[in-house]
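Letter by letter, the chains look like this.
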Amino acid sequence: MIECRNIAKGKGKGELIVSSEPISFLGGVNPENGEVIDPNHELKGQSIKDKVLFIPGGKGSTVGSYVIFQMMKNNTAPKAIICLNAEPIIATGAIMSDIPMVDSPASTEELTNGTVVEVDGDNGTITIL
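Here's what I pulled together on the structure shown here. These numbers were taken from a predicted model, which means no experiment stands behind them.

Procedures and definitions
- Residues numbered from 1 in each chain as written.
- Predicted model: local features only at pLDDT ≥ 70, side-chain atom pairs only at ≥ 80, totals over all residues.
- Heavy atoms only, no water.
- Salt bridge = Lys/Arg side-chain N within 4 Å of Asp/Glu carboxyl O.
- Helix = DSSP H or I, 4+ residues; strand = E, 2+ residues; numbered from the N terminus.
- Buried < 20%, exposed > 50% of the residue type's maximum accessible area, 1.4 Å probe, protein only.
- Contact = heavy atoms within 4.5 Å.
- Core = buried A, V, L, I, M, F, W, Y, C linked by side-chain atoms within 4.5 Å.
- Pairing = 2+ DSSP bridges.
- Axes fitted to C-alpha atoms, helices over the stretch in contact; angles between N-to-C directions.

## Side note on the pattern of salt bridges
Phase 1 of the analysis: Scanning the model with the defined rule gives five salt bridges in all.
Phase 2 of the analysis: The partner of R5 in a salt bridge is D103, and the shortest N-O contact between them spans 2.6 Å. Of this pair, R5 sits in strand β2 (residues 5-8) while D103 sits in strand β6 (residues 101-103), placing them 98 residues apart in sequence.
Phase 3 of the analysis: When its relative accessible area of 43% is taken as the criterion, R5 is described as partly exposed.
Phase 4 of the analysis: By relative accessible area, which is 0% here, D103 ends up buried.
Phase 5 of the analysis: Between K11 and D120 there is a salt bridge whose closest N-O contact spans 3.9 Å. Of this pair, K11 sits in strand β3 (residues 11-18) while D120 sits in strand β7 (residues 116-120), and the two are 109 residues apart along the sequence.
Phase 6 of the analysis: By relative accessible area, which is 7% here, D120 ends up buried.

## What to know about the side chain of T125
Phase 1 of the analysis: Among the secondary structure elements, T125 is positioned in strand β8 (residues 125-128).
Phase 2 of the analysis: The class for T125 is buried, based on a relative accessible area of 8%.
Phase 3 of the analysis: Those residues within four positions of T125 in sequence are excluded, and the remaining contacts are M1, I2, E3, V102, E118, V119 and D120.

## Some thoughts on the environment of E110
Phase 1 of the analysis: The residue E110 is located in the loop between β6 and β7 in this model.
Phase 2 of the analysis: Between the C-alpha atoms of E110 and G64, which are 46 residues apart in sequence, the distance is 28 Å.
Phase 3 of the analysis: Residues in contact with E110, not counting those within four places in the same chain, are T115 and I128.

## What about the nonpolar core?
Phase 1 of the analysis: By size, the foremost hydrophobic cluster in this structure holds 22 residues, and its most contacted members are F25, I48, I90 and M101.
Phase 2 of the analysis: Of all the secondary structure elements, the ones that give two or more residues to this core are β4 (52-55), α1 (64-73), β5 (80-83) and α2 (88-97).
Phase 3 of the analysis: When near neighbours in sequence (up to four residues on either side) are disregarded, M101 contacts R5, N6, I7, A8, I81, C83, A86, I90, A91, A94 and G121.
Phase 4 of the analysis: The next biggest cluster of nonpolar side chains, apart from the first, holds 12 residues, and it includes F54, A80, V117 and I126.

## Remarks on the sheet that holds β3
Sheets are built from strands that pair by backbone hydrogen bonding, the pairs being arranged parallel or antiparallel.
Phase 1 of the analysis: Ordered in space as β1-β8-β7-β3-β4-β5-β6-β2, the eight strands form an open sheet in which the pairing is mixed. Of all strands in the sheet, those with a lone pairing partner are β1 (2-3) and β2, marking the two edges.
Phase 2 of the analysis: Note: β4 against β5, four bridges, orientation parallel. Each residue of the ladder has a partner; that of V52, found in β5, is A80.
Phase 3 of the analysis: On the sheet, α2 packs against β2, β4, β5 and β6 and is oriented at approximately 65 degrees with respect to β2.

Rendered as structure tokens:
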């Protein structure tokens, strides 16, 4: 179990999709299907729908919070979000959308693409399954 800081409550389980780059949800992710569309992002063409998204943080416009909310309404959102350092845009989007979110994981070596994890936003933990 990896200890974290809890940002948004709830539990989410799924396969990790990991990026070393921050992501902008406004213009960077298609809320209709969950695909990363930023042509300069390392996850371009990949879907974050039903995954656990692990990113350093977010970037871009505050409207990104509403893109996350729209993704939740479209059933294209990630199951949970892990950030190295949460910032207000993604944190607000996760809270509004009931997407469990944690940040500042004590350890990240085991958090690799394809690993199945459960994020517990209530207790601030990540469990490798």
